[in-house]
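# Descriptive structure summary
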Amino acid sequence: MFARLVYESFRRQTRRKLLVAAAITLGAAVSTAMIAIATDIGDKISRELRTYGANIIVTPQDSTLDVQIGSVNLKPAGGAYLNETDLPKIKGIFWRNNIAAFTPELPVNVKLGSTETTLLGTYFAKSLKFGDDHFTEGARSTFPWWKVEGSWPAGDSGDVLIGEKLARVQDISAGQQIQVNGKPYRVAGILSTGGIEDSQIIAPLAVAQAIAQQPGAVSKIFVSAVTKPEDAFARRNPDTLSPADRDRWYCSPYPQSIAYQLEEAIPHSHAEQIRQVEQNEGKVLSRIEGLMLLITLAALFTSGLAVSAAMATAMFERREEIGLMKALGAGHFMLSAIFITESVLLACAGGLVGFAGGALLAHKLGYAIFGSGIAVEPVLLPLVLGIAVVVTFMGSAAAIRRAVKYDPVLALRGEA
Amino acid sequence: MFFRMLIRAAMLRKRTAISALLAIVVASAAATAMLNIFIDVQSKLRKEFRGFGANIIVEAKSGASFAPADLDRINSVVGTRGLVVPFAYAVARTSGGQPVVVAGTNFDLVRKLNPWWSVSAWPNHRLQALVGVRAAQVIIPDGKSFALDYLGRTLQLSPAGTVRTGAGEDSRVYLSLADFETWTGLQPSVVEIAAYGSATEVSSLLSTLQKNIPSADVHPVRQVTEGEANILGKTRSTLLWSAVFIIITAALCVLATLTGWLFDRRRDFAIMKAIGASDRLIALFISGEAVILALIGALVGFAAGIGIAAWIGRVNFHAPVTPRFDVLPPVLIGCLLVTLLATLLPLRLLRQIQPAMILRGE
């Protein structure tokens, strides 16, 4: 009998039920999508922040002072170097999946024709291998704002890029040959970076090593890592932490712990965060995350209230039905049970469809804005269903409470 | 008579009227808050992005330095549109004969320009230096005063503190511009500018500078400008889509609430019809009701939305989101449209009904 009452109510009042169900579904979809976006936005924005380039720099432990003003490097030759063969080990550290890109650099002072300038040896897009992993690293992915007019030097061609300022002064164009320390090199393209590289020659690392007569030498490695904004715990010295805390520190992607792991991986190295990039990224990231969190709260609140209002009107509409049931002898318990069951059924159906729709929405939106999908955790399903049930119930609770108090005579006469 | 009917109708069905009004208020508040935040977030986030430091660099042509007149001109062109910080560089030698880069600048301005510098103590007296952490290991292992030599002129300095940035600054010694100029006789050769405002404002400032100071090389810091544009764009589209979803949900709920309310009152309309009201009068009556509801709901919601936006701004950006009254017209019109739509849809059905059938409860 009970089941039949509920079933008939759905069958005979399809229009009303559909409107309320649509409101619940949309509310659940928006809540699901917003929660998914808010939980994932940190990761997405952190990847986008990699357009700012490297945030960790690795240098030899006992390196001498840099004597560099603008693009002019006045450092005498010599000093300590890192070893190029250690580079792939960067992809072997604990947080290897957070290493978005890295690139080595070796500057050497050279003569371009008769002018003194700096030649910077680096990787453009070099295939490396660590264990069974193959990956491509270099300046193109580490410094996404570098623009080349002409083409990037291919593989191991030994071609070079020339900074746009230097090219203008020397009147060099892409495809031309230049004489560096008396040896000819082909210019593949003109590089524009808005930084000191605009007045330098950028060459494959091997070329710089040959000129410096330092085979395998690297003087700096720029690492672009996806990090978690540092907090007070991140600034602790890992050597003074208790073993449990130390593990927690080591296993959090703080810039400090990634730098620490890089030092472990590369012998005789010193790794440090580049504060201009790292500190500001942390700030921007926490602002955007905070904003999305608050907006998600607002969205949950809004859809909750709106669905409640829709549910309440749907309930008030049914005074006469309630009056009739009461007149036929339905008790308070029976009445409440029917309406609560109806709300829960509506909430579950709406919540399920809404969850699926919201997951799809979040996924599509992730692709549209960030170029990668936003995954919705299955854990979210019970949460969204729970919220849907609570919101629907709250909307109908007031109406149900009044309904059980109706005087059937008044309700049936339409005067309640 | 017409108004009396409107008011009595609302009074008699207080609860349903209130829940319809609530739905409109929520929708209008959500729309107002989201639109306000969407408009304001750009300027709020831009403030955070200025923490990345200079986005325009003006360099004297190689080897030269700026004449005081050039610096004045840069300052007057930029004015309040940005922060102008001059830098002068020279290579000096330590008492051990090691070369080290010495920079002269204005500490108060650098502090504002580069808030990421981790400085143990800023210099505040003459002949005090700010020493990079790597330079400090070489020059002042004992932390006491040190001497630097530039072309035979020796300067005795005391270290105020150290600076750590993870970049070139770590190997330099920073002096105040006055100390630097009297010691080396050199003028600033690089001016770093943190220009405020949108990408177009920054690029217009860039071209004005290029036109006004032809002797210098003016260029944008692409690392900073491109990163900022990228993040801002993505954040804004995420916000825009969130706003669209939230507003659609709220609007649909208004629709559901109002149609429910009208169907609930079909008996009233049947009576009105039975005692001689024309279809037009009933339509007018219902639309009048809808317009009043929409207006009250939109205004109350607008006020609440402004409050929510201000709260979010205060919590997240530590600065309130400025209320934008130009958001009011679209919110008002949106509310009116949704409520009218919600009332006109069931109206067609209501017209077809026969009073006798409804009154008999069929």
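Being a predicted model, the structure only gives us computed values, none of them experimental.

## Quick look at the overall build of chain B
A tally of regular secondary structure across chain B gives twelve helices and ten strands. For 362 residues, the compact-globule estimate of 2.2 N^0.38 gives 21 Å, and the C-alpha radius of gyration of chain B, at 34 Å, exceeds that figure by more than 25%. Counting the 362 residues in chain B, one finds 43% classified as buried. Restricting to contacts in chain B with at least 6 residues of sequence separation, those with at least 24 account for 83%.

## Focus: the overall build of chain A
For chain A, the count of helices and strands is twelve helices and 16 strands. For 416 residues, the compact-globule formula gives about 22 Å, and the C-alpha radius of gyration of chain A, at 33 Å, lies well above that figure. Expressed as a percentage of the 416 residues in chain A, the buried residues total 48%. For chain A, long-range pairs separated by at least 24 residues make up 78% of all intrachain contacts whose partners lie at least 6 apart in sequence.

## Looking at the domain arrangement of chain B
You can read the domains of chain B as domain 1 (2-47 + 231-359) and domain 2 (55-220). Between domain 1 of chain B and domain 2 of chain B, the C-alpha centre-to-centre distance is 58 Å.

## Quick word on the domain arrangement of chain A
You can read the domains of chain A as domain 1 (2-46 + 283-413) and domain 2 (55-273). Taking only C-alpha atoms, the centre of domain 1 of chain A and the centre of domain 2 of chain A are 54 Å apart.

## Focus on the environment of B:Leu148
Residues and elements named next belong to chain B. Here Leu148 lies in strand β6 (residues 146-150). The class of Leu148 is buried, set by 22 C-beta atoms lying within 10 Å. Taking the C-alpha atoms as reference points, Leu148 and Thr184, separated by 36 residues in sequence, lie 11 Å from one another. Once residues lying within four places of it in the same chain are set aside, the contact partners of Leu148 are Ala92, Thr94, Val102, Leu155, Leu157 and Val173.

## A look at the nonpolar core
Judged by nonpolar contacts, the single largest core of 209 residues is most densely connected at B:Ala27 and B:Cys253. At 19 residues, helix α8 (residues 275-316) of chain A tops the list of elements feeding residues into this core. Excluding its chain neighbours within four sequence positions, the residues that come into contact with B:Ala27 are A:Ala306, B:Ala250, B:Ala251, B:Cys253, B:Val254, B:Gly301 and B:Cys335.

## As for the packing of α8(A) against helix α8 (residues 222-264) of chain B
It is at 8 Å that the axes of α8(A) and α8(B) come closest, and there the two elements cross at 10°. Judged on the interaxial angle alone, α8(B) and α8(A) are roughly parallel. Among the residues forming the contact of α8(A) with α8(B), the class breakdown is 16 nonpolar, eight polar and one charged.

## Quick look at the interface of chain B and chain A
Contacts between the two partners involve 68 residues from chain B and, on the opposite side, 62 residues from chain A. If you tally residues by element for the side of chain B that touches chain A, the top one is α8(B), at 26 residues. Here the residues of the side of chain B that touches chain A are counted per class, giving 37 nonpolar, 23 polar and eight charged.

## Notes on helix α3 (residues 68-78) of chain B
All names here are of chain B. Buried residues of α3: Asp70, Ile74 and Val78, and no others. Here the buried residues of α3 occupy an arc of 65° about the axis, which is enough to place them on one side. Along α3, exposed side chains directed more than 90 degrees from the buried face belong to Pro68, Ala69, Asp72 and Ser76. Residue Gly79 follows α3 closely and has a positive phi angle near 55°.

Quick notes on the rules
- Residues numbered from 1 in each chain as written.
- Chains lettered and ligands numbered in written order.
- Predicted model: local features only at pLDDT ≥ 70, side-chain atom pairs only at ≥ 80, totals over all residues.
- Helix = DSSP H or I, 4+ residues; strand = E, 2+ residues; numbered from the N terminus.
- Rg over C-alpha atoms; globule rule 2.2 N^0.38 Å.
- Buried ≥ 20, exposed ≤ 12 C-beta atoms within 10 Å, placed from the backbone.
- Contact = placed C-beta atoms within 7 Å.
- Domains from an automatic or database assignment.
- Core = buried A, V, L, I, M, F, W, Y, C linked by C-beta atoms within 7 Å.
- Axes fitted to C-alpha atoms, helices over the stretch in contact; angles between N-to-C directions.
- Parallel < 35°, antiparallel > 145°, perpendicular 65-115°, else oblique.
- Nonpolar A, V, L, I, M, F, W, Y, C, P; charged D, E, K, R; others polar.
- Arc of directions from axis to C-beta.

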